[in-house]
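# Coordinate analysis (summary)
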Amino acid sequence: MTEHFDHIIVGAGLSGIGAARHLQEAFPQRSYAVLEARHTLGGTWDLFRYPGVRSDSDMYTLGYRFKPWTGRKAIADGADIRGYIEEAARENGIDRHVRYHHRLVRADWSSDDSRWTLTIEHTDTGATSELTCSFLMSTSGYYRYDEGYTPDFPGLHEYAGQVVHPQHWPEDLDYAGKRIVVIGSGATAVTLIPNLAKDAAHVTMLQRSPTYIISQPTTDPIAEQMIRRLPSRMASKAVRGRYLATSIGFYEFCQRRPQAARTLLRKLLERQLPPDVDFDTHFKPQYDPWDQRLCLVPSGDLFKALRQHTVDIETDHIDTFTEKGVRLASGKELAADIVVTATGLNLLAFGGAQLAVDGKDVSLPDTMAYKGMMLSDIPNFVFVVGYTNASWTLKADLVCEYTVRLLRHMEETGTSVCVPRRDPAVDEEPFLDFAANYVLRSVADFPKQGSTAPWKLKMNFFVDRRNLRKASIHDDVMEFSGG
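Let me sum up the structure you'll find in this document. (Residues numbered from 1 in each chain as written. Predicted model: local features only at pLDDT ≥ 70, side-chain atom pairs only at ≥ 80, totals over all residues. Heavy atoms only, no water.)

## Re the packing of helix H6 (residues 221-229) against helix H7 (residues 232-256)
Where H6 meets H7, the axes come as close as 8 Å, and the angle between the chain directions of the two elements is 160°. The angle between H6 and H7 falls in the class roughly antiparallel. Once H6 is placed against H7, the crossing between them reads as right-handed. Only Ala235, Ala238, Val239 and Arg242 of H7 make contact with H6, whose side of the interface consists of Ile222, Ala223, Met226 and Ile227. In the contact of H6 with H7, the residues fall into seven nonpolar, no polar and one charged. (Axes fitted to C-alpha atoms, helices over the stretch in contact; angles between N-to-C directions. Helix = DSSP H or I, 4+ residues; strand = E, 2+ residues; numbered from the N terminus. Parallel < 35°, antiparallel > 145°, perpendicular 65-115°, else oblique. Left-handed = near helix turned anticlockwise from the far one by under 90°. Contact = heavy atoms within 4.5 Å. Nonpolar A, V, L, I, M, F, W, Y, C, P; charged D, E, K, R; others polar.)

Quick look at the structure:
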């Protein structure tokens, strides 16, 4: 017989473990399983193993509300975050509910049975099986895990050195004493470069155009004092609130006064650069601050490497790869033993699983996101997509809290099915209104958002907190049925 669960969560990363904790705390009598396509939990924080991998959000807001971060580093290393997720799963008994090597490939909703039938691929054997559930949550994020994005570089086949993508970093890669070119200027590149420079002969950061970069201390003495001196719950709330106010306040400042933000960021950065690095060439983006995510440099490590001349920057386009390296449009050739393509990620909604309702496949671009967490005309389905301008977990926690409220309402009213019904009068907008290239390449394959609430996707924690934590479950959109 097919095994049935009240709830199934897809993805055992930061969001999935958090979702499991919310559901089992609210409904301890209900059954659930967490499906994980890989061999272990941790999601992004287990997959990425390149040198220096770390958060680009502070851990006081990236950590769970139910398990405040108490580590010394505000900007934590990937291994520490992975350990934190594992500890949260183990402490709450969630690890016993995780089913590894379970990739969801298809989810079919039956209105007659009021349940989902899930087709599972067992990634270790290639076999398939089925599970059923009454409520489905996707916490798999929106990155494609099996491959990163690499442009079609001309002449790449001529290159005699090694090419590495950070998403698939070889454990045995020996880069000591090597000349390295890192292509890219985003968060991965600015993380990798100063860490590679510790052992490499030299590292060159090759970028087509500059990115906004801001330095932040790795540790926070004020937060440490709060944690040490205040009761744990009070300290967690105070530290979290401080970081929320600072990060969201700065984002709003950038959105409302972009020219002033440009000036401020320039002043902060210029004082850290050596005199032989031209700011306008290498650190003056063409877009406004927070049109794309700001890159965080912990304790100014990238700028220290620039001052020590173990790292330099080239801002140019690639003409072609050569046998010995990369030739730029200017004619300059960069010799390299290793080229790292920190060129971004590919997006993939819901881990690539196909949704279907009553035998009809769902075309995601034809759906609209309700409150940034459900899809129009898709029953009993919730997904988690975090903020692009703040910590991912802030939105994940709010989505889980709303899901618990929704399920309790259904329990109290004796209903078993909830589905948001789309209003045809609401205009469509892109799901992620974000100018990053990895978003622009794939956003057409994602659901839409709407021009007005509750279809409008907010990127503001304080607005979402009011709407998801406090606002009434009842509106003109959500339809309840079943007994």
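## Structural notes on the side chain of Thr367
Looking at the element boundaries, Thr367 is found in the loop between strand S20 (360-361) and strand S21 (369-370). Within polar-contact distance, the side chain of Thr367 engages the backbone oxygen of Leu364 at 2.7 Å. For Thr367, the residues in contact, after removing those within four places along its chain, are Val362, Leu375, Ser376, Arg422, Pro447 and Lys448. (Polar contact = N/O pair within 3.5 Å; in protein donor to acceptor, adjacent residues only side chain to side chain.)

## A word on the pairing of strand S15 (residues 325-328)
As paired elements, strand S14 (residues 318-321) and S15 share three bridges and run antiparallel to each other. Bridging across to S15, Phe321 finds its partner in Val326. Taken together, S14 and the strand that follows it, S15, pair antiparallel across an intervening segment of three residues. In terms of strand pairing, S15 meets strand S16 (residues 333-335) through three bridges, oriented antiparallel. Counted as the bridge partner of Arg327 is Glu333 from S16. A loop of four residues connects S15 with S16, the two strands running antiparallel in sequence, and Gly331 in this loop sits at a positive phi of about 100°. (Pairing = 2+ DSSP bridges.)

## Some remarks on the environment of Ile473
Relative to the assigned elements, Ile473 resides in the loop between helix H13 (461-469) and strand S27 (478-481). Taking the C-alpha atoms as reference, Ile473 lies 6.7 Å from Leu406; in sequence the two are 67 residues apart. Ignoring anything within four residues of it in the chain, the contact list for Ile473 reads Tyr402, Arg405, Leu406, His409, Met478 and Phe480.

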